[in-house]
Amino acid sequence: TTGGATAGAAITIQSDNMTLAGAIVSGTGLVTLRANDNAQAIQVGAGAADTAATLGITDAELDLITTTGGVTIGSSTSTGGITVVGAADQATGATITGGTFTLLQGATGIIRVNAALTNAVATTLQADNIILVAAIGSGTGLVTLRAASDAQAIRVGAGAVDNAATLGITDAELDLITTTGGVTIGAGTSTGGLTVAGVADQATGATITGGTFALLQ
């Protein structure tokens, strides 16, 4: 439980359950919220709740963070999965005004966006499987979708599917992204290959309206 924290540098809060009741101010520093147990599931957004097996971070708790350095939820060693269970709107009355908003999992971890995730900054989802069923908005910020494991294959377009060895990003999932800052799929360290496996039409009814659409290996 924290009643508030202020620093001019990065702030990390690491616990399997946490209650944020006061302002967290990090200046230009990155704010990281992560579980202590790598297998702990993480819920984000309205309705997120702490349980013995789950770290819940609500939209109201995210609203308490003021930073220009970005926010990371999870870690590269986390495997319990991250689910956006309710709306997480960090664009309206934004206090996270710089850096990147990152949902982060390690190998075998899954990110599920089941409710709208809206930011005023760049947004990164990093996991070996990513499932988008609700909107992602990043304003002018770049949206990056990348695997946690560099050797994970990536398939893009209609018919793309997630499996143990593949990150699948469908055309319908890309249609859920709204940004003027562009979209990057993959990373410069990726080695598993990237295949456009089916139609990926981001021109019809376009919601990606600026920046660059990049496929990166």
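Note: the structure precedes this text.
Residues numbered from 1 in each chain as written. Predicted model: local features only at pLDDT ≥ 70, side-chain atom pairs only at ≥ 80, totals over all residues. Heavy atoms only, no water.

Engineer: Any chance you could explain the overall build of the protein here in plain terms?
Structural biologist: Secondary structure summary: the protein contains two helices and 23 strands in total. Its C-alpha radius of gyration of 16 Å places the protein within 12% of the 17 Å reference for a compact globule of 217 residues. Expressed as lengths along the three principal axes of its C-alpha atoms, the size of the protein is roughly 50 × 35 × 30 Å. Counting every position in the protein, which comprises 217 residues, the buried fraction comes to 48%. Counting only carbon and sulfur atoms, one obtains 55% of the accessible surface of the protein, whose full area is about 8,200 Å². Taken together, the 4 basic and 14 acidic charged side chains of the protein have centroids lying 10 Å from each other. (Helix = DSSP H or I, 4+ residues; strand = E, 2+ residues; numbered from the N terminus. Rg over C-alpha atoms; globule rule 2.2 N^0.38 Å. Buried < 20%, exposed > 50% of the residue type's maximum accessible area, 1.4 Å probe, protein only. Areas by Shrake-Rupley, 256 points an atom, 1.4 Å probe, with all protein chains shown as cover. Lys, Arg positive; Asp, Glu negative; His and termini not counted. Charge placed at Lys NZ, Arg CZ, Asp CG, Glu CD.)

Engineer: It is not clear to me how the environment of R112 should be interpreted in this structure. Could you clarify?
Structural biologist: Within the secondary structure, R112 is located in strand β12 (residues 110-113). Sequence separation of R112 and V85 is 27 residues, and the distance between their C-alpha atoms is 8.4 Å. Those residues within four positions of R112 in sequence are excluded, and the remaining contacts are I82, T83, V84 and I131. (Contact = heavy atoms within 4.5 Å.)

Engineer: I tried to follow the nonpolar core on my own but got confused; where do I start?
Structural biologist: The nonpolar side chains of a soluble globular protein tend to be buried, and buried together. Core analysis: the biggest nonpolar cluster contains 45 residues, and L33, I73, F101, L103, V113 and L125 have the highest contact counts within it. Residues in contact with L103, not counting those within four places in the same chain, are I73, I82, V84, I111, L117, T124, L125 and Q126. (Core = buried A, V, L, I, M, F, W, Y, C linked by side-chain atoms within 4.5 Å.)

Engineer: I'm lost on the sheet that holds β12 in this one. Help?
Structural biologist: Hydrogen bonds along the backbone pair up the strands of a sheet, which may run parallel or antiparallel. Within the open sheet, the five strands sit side by side as β6-β5-β9-β12-β15. Their pairing is parallel. Either end of the sheet is taken by a strand with one partner, and the two such strands are β6 (54-57) and β15 (129-132). The average undirected angle you get between the axes of adjacent strands in this sheet is 10°. As defined by bridge partners, strand β5 (residues 41-44) adjoins strand β9 (residues 82-84) across three bridges and the pair is classed as parallel. Bridge pairing in β9 places V44 opposite V84. (Pairing = 2+ DSSP bridges. Axes fitted to C-alpha atoms, helices over the stretch in contact; angles between N-to-C directions.)

Engineer: Please clarify how the side chain of R34 should be interpreted in this entry.
Structural biologist: Tracing the backbone through its elements, the reader meets R34 in strand β4 (residues 31-34). At 3.3 Å, the side chain of R34 and the side chain of S75 are in polar contact. (Polar contact = N/O pair within 3.5 Å; in protein donor to acceptor, adjacent residues only side chain to side chain.)

Engineer: When you look at the pattern of salt bridges in this model, what are you seeing that I'm missing?
Structural biologist: Per the counting criterion, the structure on display carries one salt bridge. In this structure, the salt-bridge partner of D150 is R146, at a minimum N-O distance of 3.8 Å. Judged by its relative accessible area of 31%, D150 falls in the partly exposed class. Assessed through its relative accessible area of 19%, R146 is described here as buried. (Salt bridge = Lys/Arg side-chain N within 4 Å of Asp/Glu carboxyl O.)

Engineer: I tried to follow a nonpolar patch on the surface on my own but got confused; where do I start?
Structural biologist: A cluster of nonpolar side chains, contributed by V196, F213 and L215, occupies part of the molecular surface with about 250 Å² of accessible area. Of note, V196 is situated in strand β22 (residues 194-196). (Patch = residues over 30% accessible without salt bridge, like charges linked within 9 Å, V, L, I, M, F, W, Y side chains within 5 Å.)

Engineer: Is there a simple way to think about the environment of S26 in this case?
Structural biologist: Mapped onto the fold, S26 is located in the loop between β3 (24-25) and β4. Residue S26 is classed as buried on the basis of its relative accessible area, which comes to 0%. Note: C-alpha distance between S26 and T95 (69 residues apart in sequence) is 11 Å. Here the side chain of S26 touches T67 through a polar contact of 2.9 Å, side chain to side chain.

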